[in-house]
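# Structure assessment
Listed below, chain by chain, are the residues.
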Amino acid sequence: MAVRQHETDASARKAVFSPVDSRARVDAVVRRLGDAIELGLLADGEQLPGESELAGQLGVSTVTLREALMALRQQGLVTTRRGRGGGSFVSLPEVPADDRLRARLRGWSTEELRDLGDHWAALSGAAARLAAQRTEPADLRPLRRTAEELAHAGDAAARSRLYGRFHVELAAAAQSARLTREQVALQSEVGALLCLVLADDACREEVADRHRAVVRAVQDGAHETAGTLAERCVRESTARLVAVRLTL
């Protein structure tokens, strides 16, 4: 059954399909597409472009692309259908069970989490400031939509994806392909872990309010306020993760 593709900001999607680094290209394609799938930038059931088109967009050979798609199939992130209407389709993975997420979190020290939070806050703060200076109000629709979807998302998996998507779309609103790619890559490191804090309804509501405040500041062109709010949002989320880590 066809699955309606979730509308996402065109700039964020453009970053997903931009040429990959020339080093270790198979791994680069796997990471780029895998991160986008896990983050929800590519919708569950969405058909990927044909091999020739996708290889051209990513700047790799069709042989490299086929190897990457094989790896993605092995990870359960892509399925391939033969025959009429066939092709490669996104297969959204289930979020790891709570015990697996906690085991994954134990692999991080509190110092590493705080360092990651500093890096993330710097990225999101810079993106918010640039977005407030560069974007038009009409271009903020993806951010508003994602913030509202987060406010009503019922499960932790959806909440964590929407949280990450918001920050990717914020970077896209800054009209910076590099910042957008950095945000996508960062979400692969920390995104799923946010399930451990966003399962709490109060936390979800607080984050949704913070995201709405960021959008308002960007719309008003208040770049310093927007940057500070985005940084605070990330730092608060990181602090919650650190708190969970200390209980393990």
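Just above, that's the structure.
Attention in this report is confined to the structure presented alongside it. These numbers were taken from a predicted model, which means no experiment stands behind them. (Residues numbered from 1 in each chain as written. Predicted model: local features only at pLDDT ≥ 70, side-chain atom pairs only at ≥ 80, totals over all residues. Heavy atoms only, no water.)

### Let's talk about the overall build of the chain
Counted only if it meets this: A run of H or I in DSSP counts as a helix once it spans at least four residues, and a run of E counts as a strand once it spans at least two, with each numbered from the N terminus. Summary of the burial criterion: residues with accessible area below 20% of their type's maximum are buried, those above 50% are exposed, and those between are partly exposed, where the area comes from a 1.4 Å probe applied to protein chains only. Between two residues, a contact is recorded if the distance between any of their heavy atoms is within 4.5 Å. Values of accessible area rely on a 1.4 Å probe in the Shrake-Rupley scheme; residue burial ignores everything except the protein chains shown. A positive count includes Lys and Arg, and a negative count includes Asp and Glu. His and the chain ends are not counted in either. Charge placement uses NZ in Lys and CZ in Arg. For Asp and Glu, CG and CD serve respectively.
Scanning the chain from terminus to terminus reveals twelve helices and two strands. Beginning at the N terminus, the succession of helices and strands in the chain can be written as α-α-α-α-β-β-α-α-α-α-α-α-α-α. Considered along the principal axes of its C-alpha atoms, the chain spans approximately 50 × 45 × 35 Å. Counting over 248 residues, the chain shows a buried share of 50%. Nonlocal contacts in the chain, meaning residues at least 24 apart in sequence, comprise 75% of its contacts between residues at least 6 apart. Per element, the accessible surface of the chain, about 11800 Å² overall, is 47% carbon and sulfur. Counting 35 positive and 35 negative side-chain charges, the chain places the averaged centre of each group 3 Å from the other.

### As for unusual backbone geometry
A positive phi angle, close to 60°, is found at glutamine 175, a residue other than glycine. One can find glutamine 175 in the loop between helix H8 (156–173) and helix H9 (177–190).

### Some details on the side chain of threonine 180
Position of threonine 180 relative to the elements: it lies in helix H9. By relative accessible area, threonine 180 is classed as buried at 1%. In this structure threonine 180 touches Ala12, Ala15, Val168, Ala171 and Ala172, once residues within four positions along its chain are discounted.

### Comments concerning the packing of aromatic side chains
Two aromatic rings, taken as a pair, are described by how far apart their centres are and by the angle between their planes. Rules: In this scheme Phe, Tyr and Trp rings, the latter by its six-membered ring, pair at centre separations within 6.5 Å, and the angle between planes marks the pair as stacked below 30 degrees, edge-to-face above 60, and tilted otherwise. Comment: the charge-over-ring label is applied if NZ (Lys) or CZ (Arg) is within 6 Å of the ring centre and within 35 degrees of the ring normal.
Enumeration according to the criterion identifies one aromatic pair in this entry. Between arginine 81 and the ring centre of phenylalanine 89, over which it is positioned, the NZ or CZ distance is 3.8 Å.

### Examining the nonpolar core
This is how it is decided: Take the buried Ala, Val, Leu, Ile, Met, Phe, Trp, Tyr and Cys residues and link them wherever side-chain atoms come within 4.5 Å; each set so joined is a nonpolar core.
Ranked by size, the top nonpolar core spans 50 residues in total, and within it Tyr163 and Leu170 carry the most contacts. Of all the secondary-structure elements, those providing two or more residues to this core are helix H5 (98–106), helix H6 (110–134), helix H7 (141–152), H8, H9, helix H10 (195–198), helix H11 (201–219) and helix H12 (223–246). Broken down by element, the residue count for this core peaks at nine residues, all from H6. Residues contacting tyrosine 163, with those up to four places away along its chain left out, are Trp120, Leu194, Leu198, Val207, His211, Cys233, Val234 and Ser237. One finds Leu58, Leu65, Val168 and Val184 within the second-largest nonpolar core, a separate group that totals 27 residues.

### Observations regarding the packing of helix H3 (residues 51–58) against helix H4 (residues 62–74)
Quick reminder of the rule: Every axis in this analysis is a line fitted to C-alpha atoms, fitted for helices over the stretch in contact. Angles between the N-to-C directions lie between 0 and 180 degrees. Under this scheme an angle from 65 to 115 degrees is roughly perpendicular, one under 35 degrees roughly parallel, and one over 145 degrees roughly antiparallel; angles in between are oblique. Classes in brief: Ala, Val, Leu, Ile, Met, Phe, Trp, Tyr, Cys and Pro nonpolar; Asp, Glu, Lys and Arg charged; the others, Gly included, polar.
Between H3 and H4, the least distance of the axes is 9 Å, while the angle of their chain directions is 100°. Between H3 and H4, the crossing angle belongs to the class labelled roughly perpendicular. Contacts between H3 and H4 involve Glu51, Ser52, Leu54, Ala55 and Leu58 from the former and Thr62, Leu65, Arg66 and Leu69 from the latter. Its residues assigned to classes, the contact of H3 with H4 comprises five nonpolar, two polar and two charged.

### So, the environment of arginine 159
Position of arginine 159 relative to the elements: it lies in helix H8. In sequence terms arginine 159 and glutamate 148 are eleven residues apart; their C-alpha atoms lie 11 Å from each other.

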